[in-house]
2 protein chains.
Amino acid sequence: MSGELEPIDQAIVRELAADGRRSFTDLAERVGLSVSAVHQRVRRLEQRAVIRGYTARLDAEAIGLPLTAFISLSPIDPAAPDDYPQRLEHIEEIESCYSVAGDYSYVLLVRVASPTDLEELLRKIRESAKVSTRTTVVLSTPYEGRTPAL
Amino acid sequence: MSGELEPIDQAIVRELAADGRRSFTDLAERVGLSVSAVHQRVRRLEQRAVIRGYTARLDAEAIGLPLTAFISLSPIDPAAPDDYPQRLEHIEEIESCYSVAGDYSYVLLVRVASPTDLEELLRKIRESAKVSTRTTVVLSTPYEGRTPAL
DNA sequence: GCTGAAAATGCCTGGAT
DNA sequence: ATCCAGGCATTTTCAGC
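- If you check an unreviewed UniProt entry, chain A appears there as Lrp/AsnC family leucine-responsive transcriptional regulator from Actinokineospora auranticolor.

Below is the structure:
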């Protein structure tokens, strides 16, 4: 129903993924359309939530969050309702939350300032969601958040 | 050396993480500074690579990549040089690559259109990097790429 | 849905405090 | 390092095709 994307919309989306601050003038040249046509299409892509927003890509170290980790969650009580993402939503250190198939129910990507903060975060997560955790510390990040192929 | 970030720069960075297309006028109001002062600071944050760029946040499903997975890598030949990220860099389906401590050497986050494409991608990864893989399929994504706490 | 142009807004460079 | 001001570019709307 909504999986399709016209070639021109594809081009627009690709350009905005590469540089989210590109001007409509610039976009128009690159995709070969008038400025107002591009403007219209971008607004529609935003409304359809194909484009969900725009963000600055930050250097985690530079903003004081040099420690990244994956935290995998297992429910302790198998009878408890599966509302873990909600229970954890308020914890700001959690950047992403994935429901996964496999040995664990969820995988979280978290960023903190120090090992001490990671320890405290783990305590908070276990407490908030009644889960056991398995943590994989990220040593370095060769690349991250690259532009998708389209 | 580079771990610090002044309160005003923090505020700017936070605003641009929340909305990467915010105008300088808008930013100036929000952080309580003149437009040109904000302009200057943003330019410097970009130059210092605290801000590494801007990007549109896309709905993976809407752009035709509904299948997300984590792929963990183990070297096959322990004597081979550790240049896996480089060997995999050309594969566009790989969005992120993390070097991790734990049972595996690297974790990749990948996005593809279908299980068939995932199968083919795995073949490509094993071939390019001479590694064995363990794949964790993402069933759903409650949230992703949230703005860091700062 | 695209175009082209007009009006409003915002960008961004200098120069002064 | 911040503010002010001017010219310039961009955004945004609207009428016509």
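Now, onward.
**Some words on unusual backbone geometry**
All names here are of chain A.
Right, so step 1: Not every positive phi belongs to a glycine, and Ala49 is a case in point at roughly 65°.
Right, so step 2: Mapped onto the elements, Ala49 comes out in the loop between α3 (35-47) and β1 (51-58).
Right, so step 3: Although it is not a glycine, Lys130 sits at a positive phi angle of roughly 50°.
Right, so step 4: With respect to the helices, strands and loops of the structure, Lys130 is situated in the loop between α5 (115-129) and β5 (131-143).

**A few points about the pairing of strand β2 (residues 67-75) of chain A**
All names here are of chain A.
Right, so step 1: Counting buried positions over the 9 residues of β2 gives 8, a clear majority of the element.
Right, so step 2: Where β2 and strand β4 (residues 106-112) come together, 7 bridges link them in antiparallel fashion. Across the sheet, Ala69 pairs through a bridge with Val110, a residue of β4.
Right, so step 3: Examined bridge by bridge, β2 and β5 share 7 bridges and lie antiparallel to one another. Each residue of the ladder has a partner; that of Ala69, found in β5, is Val137.

**Some details on the sheet that holds strand β2 (residues 67-75) of chain B**
Right, so step 1: Spatially, β2(A)-β4(A)-β3(A)-β5(B)-β2(B)-β4(B)-β3(B)-β5(A) is the arrangement adopted by the 8 strands of the closed barrel, whose pairing is antiparallel. Strand-to-strand twist across the sheet, computed as the mean angle between neighbouring axes with direction ignored, equals 35°.
Right, so step 2: Along the sheet, α5 of chain A contacts β2, β3 (94-100), β4 and β5 of chain A; its crossing angle with β5 of chain A, the most-contacted strand, is approximately 140°.
Right, so step 3: Seen against the sheet, helix α5 (residues 115-129) of chain B touches β2, β3 (94-100), β4 (106-112) and β5 (131-143) of chain B and runs at an angle of roughly 140° to β5 of chain B.

**Some points on the domain arrangement of chain A**
The parts lose accessible area when they come together, and the size of an interface is often stated as this lost area.
Right, so step 1: Domains assigned within chain A are domain 1 (7-48) and domain 2 (61-138).
Right, so step 2: Of note, the centres of domain 1 of chain A and domain 2 of chain A, computed from C-alpha atoms alone, are 36 Å apart.

**Brief notes about the packing of aromatic side chains**
Right, so step 1: Scanning the model with the defined rule gives 5 aromatic pairs over all chains in all.
Right, so step 2: Aromatic side chains Tyr98 of chain A and Phe70 of chain B sit 5.1 Å apart centroid to centroid with 90° between the ring planes, which places their arrangement in the edge-to-face category. Separated into two different chains, Tyr98 of chain A in strand β3 and Phe70 of chain B in strand β2 make up a pair that spans both.
Right, so step 3: Classification of Tyr98 of chain A as buried rests on a relative accessible area of 2%.

Reading the values: rules and limits
- The numbering scheme is per chain: residues are counted from 1 as the chain's sequence reads.
- Chain letters and ligand numbers both follow the written order, the letters beginning at A and the numbers at 1.
- Side-chain atom pairs in this predicted model are given and counted only at pLDDT of 80 or more, local residue features only at pLDDT of at least 70, and totals for whole chains, interfaces and linings cover all residues.
- With hydrogens and water stripped out, all remaining heavy atoms of the structure feed into the side-chain values.
- A run of H or I in DSSP becomes a helix once it reaches four residues, and a run of E becomes a strand once it reaches two; helices and strands are each numbered from the N terminus.
- Summary of the burial criterion: residues with accessible area below 20% of their type's maximum are buried, those above 50% are exposed, and those between are partly exposed, where the area comes from a 1.4 Å probe applied to protein chains only.
- Strands are treated as partners if at least two bridges between them are detected by DSSP.
- Axes, fitted as lines to C-alpha atoms, cover a helix only where it is in contact. Angles between the N-to-C directions of the axes lie from 0 to 180 degrees.
- What makes two residues a contact is simply this: any of their non-hydrogen atoms within 4.5 Å.
- Domain borders in the structure are assigned automatically or taken from a domain database.
- Stacked, tilted and edge-to-face are the three classes assigned to paired rings of Phe, Tyr and Trp, where Trp is represented by its six-membered ring and a pair needs centres within 6.5 Å; plane angles under 30 degrees give stacked, over 60 edge-to-face, the rest tilted.

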